Amino acid sequence: MGKIIALTNQKGGVGKTTSAINIAACLGEADQRVLLIDFDPQGNATSGLIGVLSEDQPTVYDMICGNAAAGECIIEDAAEGVDLIPADIDLSGAEVELLENEDEQTRLKAVIRPLKKKYDYIFIDCPPSIGILTVNALTASDSAIIPVQCEYFALEGLNQVLNTIEIVKQKLNSKLKIEGILFTMYDVRTKLSEEVVESVRESLNEKIFETVIPRNIRLAEAPSHGVPITKYDSSSRGAESYRMLAAELLNR
């Protein structure tokens, strides 16, 4: 049975989608069977992995609303070893439609449950907000990865997402765990990045990944080409860092 992991942080610009794409790609490169579910109406994980989405391709919105089965929405081999369930702006309408259903908080869990047998890892890229979509993702997941940008307000935002996870754990998904806190955009040239990492390590008892993702221009460029960093610049510091993170996940 595969492991379902949500990547979540209500704060935007922390490297959440970049991490979702590249963790998936590095695990696929390591011969794991991986599915990435784009659960953000902005569709950045979709465009960052495959570029332009075909107009007739069923999306996660169709899956959630019952217009298409999960299998019909999968784009196979979006990257090496990685399948994708894409998203587009239509997903924003699902928030309203979900509120009209009795299973509003568990809909995603129900529709992706059969997929666990097919994949080793299923990653869900959550929107940068605390709403019904994020609650659905956390309710469907076994664990969560929390990307944290190495900046001054990191701890404040981190406490908010930890509180959300704890509420979901208490009310909807008692098995939900924190897979780890992931530091992103680490700048070796500044003392601030080091101070943020040390502050979080001292303040929290949660799991923290040993791997730290550096600020890297090649990582920033790859999404505009519609490919993961492993394909855009396989030898870059960004690619090597995500390979180390994938190895850390596998070793757990």
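Structure report, in brief. (Residues numbered from 1 in each chain as written. Predicted model: local features only at pLDDT ≥ 70, side-chain atom pairs only at ≥ 80, totals over all residues. Heavy atoms only, no water.)

## Some details on the packing of helix H5 (residues 91–98) against helix H7 (residues 132–140)
Inference 1: Running from N to C, H5 and H7 point in directions that differ by 80 degrees, and their axes come no closer than 9 Å. With respect to H7, the axis of H5 lies roughly perpendicular. Of the residues in H7, those touching H5 at Leu91, Glu95 and Leu98 are Ile132, Leu133 and Asn136.
Inference 2: When its residues are assigned to classes, the contact of H5 with H7 shows four nonpolar, one polar and one charged. (Axes fitted to C-alpha atoms, helices over the stretch in contact; angles between N-to-C directions. Helix = DSSP H or I, 4+ residues; strand = E, 2+ residues; numbered from the N terminus. Parallel < 35°, antiparallel > 145°, perpendicular 65-115°, else oblique. Contact = heavy atoms within 4.5 Å. Nonpolar A, V, L, I, M, F, W, Y, C, P; charged D, E, K, R; others polar.)

## Let's talk about the packing of aromatic side chains
Inference 1: Inspection of the entire model under this criterion finds one aromatic pair.
Inference 2: Ring geometry for Tyr121 and Phe123: centres 5.9 Å apart, planes at 5 degrees, overall stacked. Accessibility assignment for this pair places Tyr121 and Phe123 in one class, buried. (Phe/Tyr/Trp six-rings, centres within 6.5 Å; stacked < 30°, edge-to-face > 60°. Buried < 20%, exposed > 50% of the residue type's maximum accessible area, 1.4 Å probe, protein only.)

## Details of the packing of helix H1 (residues 16–29) against helix H12 (residues 237–251)
For any two helices packed against each other, the geometry comes down to the angle between their axes and how far apart the axes lie.
Inference 1: Remark: H1 packs on H12, axes separated minimally by 9 Å, with the N-to-C direction vectors making an angle of 70 degrees. With respect to their mutual orientation, H1 and H12 come out roughly perpendicular. Remark: the crossing between H1 and H12 carries right-handed chirality. Contact residues: Thr18, Ser19, Asn22, Ile23, Cys26, Leu27 and Glu29 in H1; Ala239, Tyr242, Arg243, Leu245, Ala246, Leu249 and Leu250 in H12.
Inference 2: Across the contact of H1 with H12, the residue classes break down as nine nonpolar, three polar and two charged. (Left-handed = near helix turned anticlockwise from the far one by under 90°.)

## So, the nonpolar core
Inference 1: The biggest cluster of nonpolar side chains holds 49 residues, and the ones touching the most others in it are Leu108 and Ile112.
Inference 2: Beyond its immediate chain neighbours, meaning those up to four positions away, Leu108 contacts Phe39, Met63, Ile64, Ile124, Asn136, Ala137 and Ala140.
Inference 3: One finds Leu27, Leu49, Phe209 and Leu219 within the second-largest nonpolar core, a separate group that totals 31 residues. (Core = buried A, V, L, I, M, F, W, Y, C linked by side-chain atoms within 4.5 Å.)

## Points about the pattern of salt bridges
Inference 1: Tallied over the full model, the rule gives nine salt bridges.
Inference 2: Note that Asp233 is salt-bridged to Arg218, the shortest N-O span being 2.8 Å. Of this pair, Asp233 sits in the loop between helix H11 (229–232) and H12 while Arg218 sits in helix H10 (residues 217–221), placing them 15 residues apart in sequence.
Inference 3: Relative accessible area serves as the criterion here: at 29%, Arg218 is assigned to the partly exposed category.
Inference 4: Connected through shared salt-bridge partners, Glu29, Glu240 and Arg243 make up one network. (Salt bridge = Lys/Arg side-chain N within 4 Å of Asp/Glu carboxyl O.)

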